[in-house]
Amino acid sequence: MTAQQSSPAAPPASPPAVAAVVVLAAGQGTRMRSATPKVLHSLGGRSLLGHVLAAAEPLNAGATVVVVGAGREYVEEHLAQVAPGAVSVVQEEQRGSGHAAAVALDAVPGLEGPVLLVNGDAPLLRASTVAALVEAHRSTGSVVTVLTAEVDDPTGLGRIVRDGDGGVRAIVEERDATPAQRAIREINAGVYVGDAAALRRTLARIGADNDQGEQYVTDVVGLLVAEGAAVGGHVAEDPDDVLGCNDRRELAARRRTLNDRVLDELMRSGVTVVDPQTTWVDVTCSVGADAVLEPGTQLRGTTSVAAGALVGPDSTLIDTEVGEGASVVRAHCLQAVIGPKVSVGPFAYLRPGTRLRAGAKVGTFVETKNAEIGEGSKVPHLSYVGDATIGEGTNIGAATVFVNYDGVAKHHTTIGAHARTGADNMFVAPVTVGDGAYTAAGSVITTDVPPGAMAVARAPQRNVGGWVSRRRPGTPAAQAAEAAESRAVAPDGDRSDVSRADTDQ
Ligand code: UD1
Ligand code: CA
């Protein structure tokens, strides 16, 4: 199953349920105290803005307009990546959310029918909640419908003022509220559906006569009520959905809530999450049934973990694919493809372009990059495998380095199938080792090895007998050597000549 949060409640009717989606994303986000515009801060694999766009996407709106201002070049660049179909409209001066909405509607003059207006900082908003709001708006025939929620702590939020019949009369910001209004626990989510013409007309009339001297989008409610128009309030099923994100503490809290949702969904679908407190999964990831996520696991981006795989403890997988029944223990993996029943780690670093075929093993303190490792092949210990192709059934000795870089360019090494390479080898690329070949331990392989050959590329050994006693007399090493020699003297007085085969030169 997928951890995706955007499951639309009802498929949008044709024509689209709303004519346009307008996202208000021009605010400074001062309380973030950040060089990054607020709506670009990320949680759970998407920016704040990205979550809002994902929640609105199933509406299939004719147009998506994003009001940008603070840090707009960054916001526009981000939009081009995540929502290339969206139109950005610049609000030159941040004169308030109402002014932002007016600027957006001015940019689409021909627009008619219902418009979804949404704050850009509502990352927990779900597609199902948006769909329910749009449906409530349609079925009640209201001119504007406000998404609301009953919350325990309404501090800082706009309060929903209802009349005796339950009709919405106004939205009052906390700083402008009377003590009685402050006691109201129904708050404005900052998500509205309204008729384009009515919004246009009332937005043109809103003032800035409030504590902040800003034009509040929320004032359209009072103006419409005064006109005698029907204004609805739709209470969100889950109050978490409406939570905004204004500072870093709220960002951390929203991230936690989002993660809890993702993990709940995974656990319901049959994934074991050993420690939900230390396991983080982006909404864009997927995990199969009977997979186990050990403590300290982070799955990010497009990562997918197939059924029955084990990930963790303490592993970070970014844009990585894990096959069925594989195990990835204490590893950091980036854009890697890990086949079924592969074993990775403990302590492995898989870099982009790593492809591990079924049953392969990348063991302890091994780094790979742009490396294909064949079915059942093993790189068990202390090695770097860069720019390489390794066939099936091959074993790479401990402490092997694929020497891929000559200081200017990268070169490729090919090792065939069922090869056995010795410990502490260097493969100086470009070089090829044939199928079924062996290489001796300690070899520096600089020329191709034919299939079935044994390559030995190291200096022959020479023992200089008695060197320690002569050159390091009296040291513990010399004493130990002499004691060993005297033990080696046979009972009849003959000395073994085994250790004296060579002489000092
Ligand atoms: C807003 C609502 C409040 C609601 C809360 C929910 C208003 C006046 N108040 O308060 O009733 O309870 O959201 O989270 O709307 N923006 C612009 N241009 C501007 C100013 C703001 O585009 O000139 C955008 C911001 O980027 C943001 C949204 O409008 O996405 C809301 O602005 P923000 O300052 O976050 O309003 P809140 O005080 O949170
Ligand atoms: Ca806000």
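Because the structure is a prediction, the values reported are computed rather than measured. (Residues numbered from 1 in each chain as written. Chains lettered and ligands numbered in written order. Predicted model: local features only at pLDDT ≥ 70, side-chain atom pairs only at ≥ 80, totals over all residues. Heavy atoms only, no water.)

1. Topic: the site of ligand 1
So, point 1. The full set close to ligand 1 counts 24 residues, and Leu24, Gln91, Gly96, Glu173 and Asn188 are the nearest of them.
So, point 2. One of the backbone N or O atoms of Ala26 is found 2.9 Å from an oxygen atom in ligand 1.
So, point 3. At 3.1 Å, a backbone N or O of Gly120 approaches an oxygen atom of ligand 1.
So, point 4. For ligand 1, whose unbound accessible area comes to 740 Å², protein coverage reaches 90%.
So, point 5. Listing elements by their share of the shell around ligand 1, those giving two or more residues are strand 1 (20-25), helix 3 (97-107) and strand 10 (186-195).
So, point 6. Looking at the shell around ligand 1 residue by residue, the class counts come to 8 nonpolar, 11 polar and 5 charged. (Near = heavy atom within 4 Å. Polar contact = N/O pair within 3.5 Å; in protein donor to acceptor, adjacent residues only side chain to side chain. Areas by Shrake-Rupley, 256 points an atom, 1.4 Å probe, with all protein chains shown as cover. Helix = DSSP H or I, 4+ residues; strand = E, 2+ residues; numbered from the N terminus. Nonpolar A, V, L, I, M, F, W, Y, C, P; charged D, E, K, R; others polar.)

2. Concerning the environment of Pro276
So, point 1. Along the chain, Pro276 falls in the loop between strand 12 (272-273) and strand 13 (280-281).
So, point 2. Each residue touching Pro276, except ones within four places of it in the same chain, is listed here: Arg256, Asn259, Leu263 and Met267. (Contact = heavy atoms within 4.5 Å.)

3. Quick look at a nonpolar patch on the surface
So, point 1. On the surface, Phe347, Phe365 and Leu382 cluster together into a nonpolar patch covering about 330 Å² of accessible area.
So, point 2. With respect to the helices, strands and loops of the structure, Phe347 is situated in the loop between strand 24 (343-344) and strand 25 (348-350). (Patch = residues over 30% accessible without salt bridge, like charges linked within 9 Å, V, L, I, M, F, W, Y side chains within 5 Å. Salt bridge = Lys/Arg side-chain N within 4 Å of Asp/Glu carboxyl O.)

4. Section: the UniProt feature "active site" (unreviewed entry) in the protein chain
So, point 1. Per the UniProt record, the feature "active site" (unreviewed entry) sits at His381.
So, point 2. Within the secondary structure, His381 sits in strand 28 (residues 378-390). (UniProt positions renumbered as here; feature names shortened; annotations may be inferred.)

5. A short note on the state of the cysteines
So, point 1. Using the criterion set out here, one finds 0 disulfides in the structure.
So, point 2. Cys285 supplies the cysteine sulfur nearest to Cys333, a cysteine that is in no disulfide, at a spacing of 13 Å.
So, point 3. You can call Cys333 buried: its relative accessible area is 0%. (Disulfide = S-S within 2.5 Å. Buried < 20%, exposed > 50% of the residue type's maximum accessible area, 1.4 Å probe, protein only.)

6. Structural notes on the packing of aromatic side chains
The geometry of an aromatic ring pair is captured by two quantities: the separation of the ring centres and the angle between the planes.
So, point 1. Within the structure shown, the criterion is met by 2 aromatic pairs.
So, point 2. On the numbers, 5.2 Å between centres and 5° between planes, the contact of Phe347 with Phe365 is stacked. You can see Phe347 sitting in the loop between strand 24 and strand 25 and its partner Phe365 sitting in strand 27 (residues 361-373), a full 18 residues away along the chain.
So, point 3. Accessibility expressed as a relative area gives 43% for Phe347, which makes it partly exposed.
So, point 4. On the basis of an interplanar angle of 45° and a centroid distance of 5.1 Å, the ring pair of Phe402 and Phe427 is categorised as tilted. (Phe/Tyr/Trp six-rings, centres within 6.5 Å; stacked < 30°, edge-to-face > 60°.)

7. Concerning the UniProt feature "domain: MobA-like NTP transferase" (unreviewed entry) in the protein chain
So, point 1. The residues that UniProt annotates with the feature "domain: MobA-like NTP transferase" (unreviewed entry) are residues 21-150.
So, point 2. What you have in residues 21-150 is 35% helix and 25% strand, and the ends, taken at the C-alpha atoms, are 25 Å apart.

8. Side note on the coordination of the calcium ion (ligand 2)
So, point 1. Coordination sphere of the calcium ion (ligand 2), protein contribution only: Asp121 (OD) and Asn246 (OD1), at 2.3 to 2.7 Å. Taken together, the positions of Asp121 in the loop between strand 6 (114-119) and helix 4 (127-140) and Asn246 in the loop between strand 11 (231-235) and helix 8 (248-268) put the pair 125 residues apart, joining distant regions of the chain. Side by side, Asp121 and Asn246 carry an identical accessibility label, which is buried. (Donors = N, O, S within 2.8 Å, 3.2 Å for Na, K, Ca; no water.)

9. Considerations on the pattern of salt bridges
So, point 1. All chains considered together, the criterion is met by 19 salt bridges.
So, point 2. Here Glu174 makes a salt bridge to Arg159, at a shortest N to O gap of 3.0 Å. Linking Glu174 in the loop between strand 9 (168-172) and helix 5 (179-182) with Arg159 in strand 8 (residues 159-162), this pair joins segments that are 15 residues apart in sequence.
So, point 3. By relative accessible area, Glu174 is classed as buried at 19%.
So, point 4. Between Glu227 and Arg201 there is a salt bridge, with its nearest N and O atoms 2.7 Å apart. With a gap of 26 residues between them, Glu227 in helix 7 (residues 219-227) and Arg201 in helix 6 (residues 196-203) connect regions that are remote in the sequence.

10. Section: unusual backbone geometry
When glycine is set aside, most residues are seen to have a negative phi, and most peptide bonds are trans.
So, point 1. The omega torsion of the bond from Gly345 to Pro346 falls at 0°, within 30 degrees of zero and hence cis.
So, point 2. Located in the positive-phi region is Arg33, a residue other than glycine, with phi close to 50°.
So, point 3. In this fold, Arg33 is placed in the loop between strand 1 and strand 2 (42-43).
So, point 4. A relative accessible area of 76% places Arg33 in the exposed class.
So, point 5. Backbone geometry places Asp314, a non-glycine residue, at a positive phi of 55°.
So, point 6. Within the fold, Asp314 resides in the loop between strand 18 (310-311) and strand 19 (315-318).

11. Brief notes about helix 3
So, point 1. Within helix 3 the residues assigned to the buried category are Gly98, His99, Ala100, Ala101, Val103, Ala104 and Leu105.
So, point 2. Buried-residue contacts for helix 3 involve strand 1, strand 4 (63-68), strand 5 (87-90), strand 6 and helix 6.

12. Some thoughts on the side chain of Asn246
So, point 1. The class of Asn246 is buried, set by a relative accessible area of 16%.
So, point 2. For Asn246, the side chain forms a polar contact with the side chain of Lys38, separated by 2.9 Å.
So, point 3. Excluding anything up to four places from it in sequence, Asn246 contacts Arg31, Met32, Lys38 and Asp121.

13. Details of the side chain of Thr202
So, point 1. Mapped onto the secondary structure, Thr202 falls in helix 6.
So, point 2. Residue classification places Thr202 among the buried residues on the basis of a relative accessible area of 0%.
So, point 3. Aside from chain neighbours lying at most four places away, what touches Thr202 is Val220, Leu223, Leu224 and Glu227.

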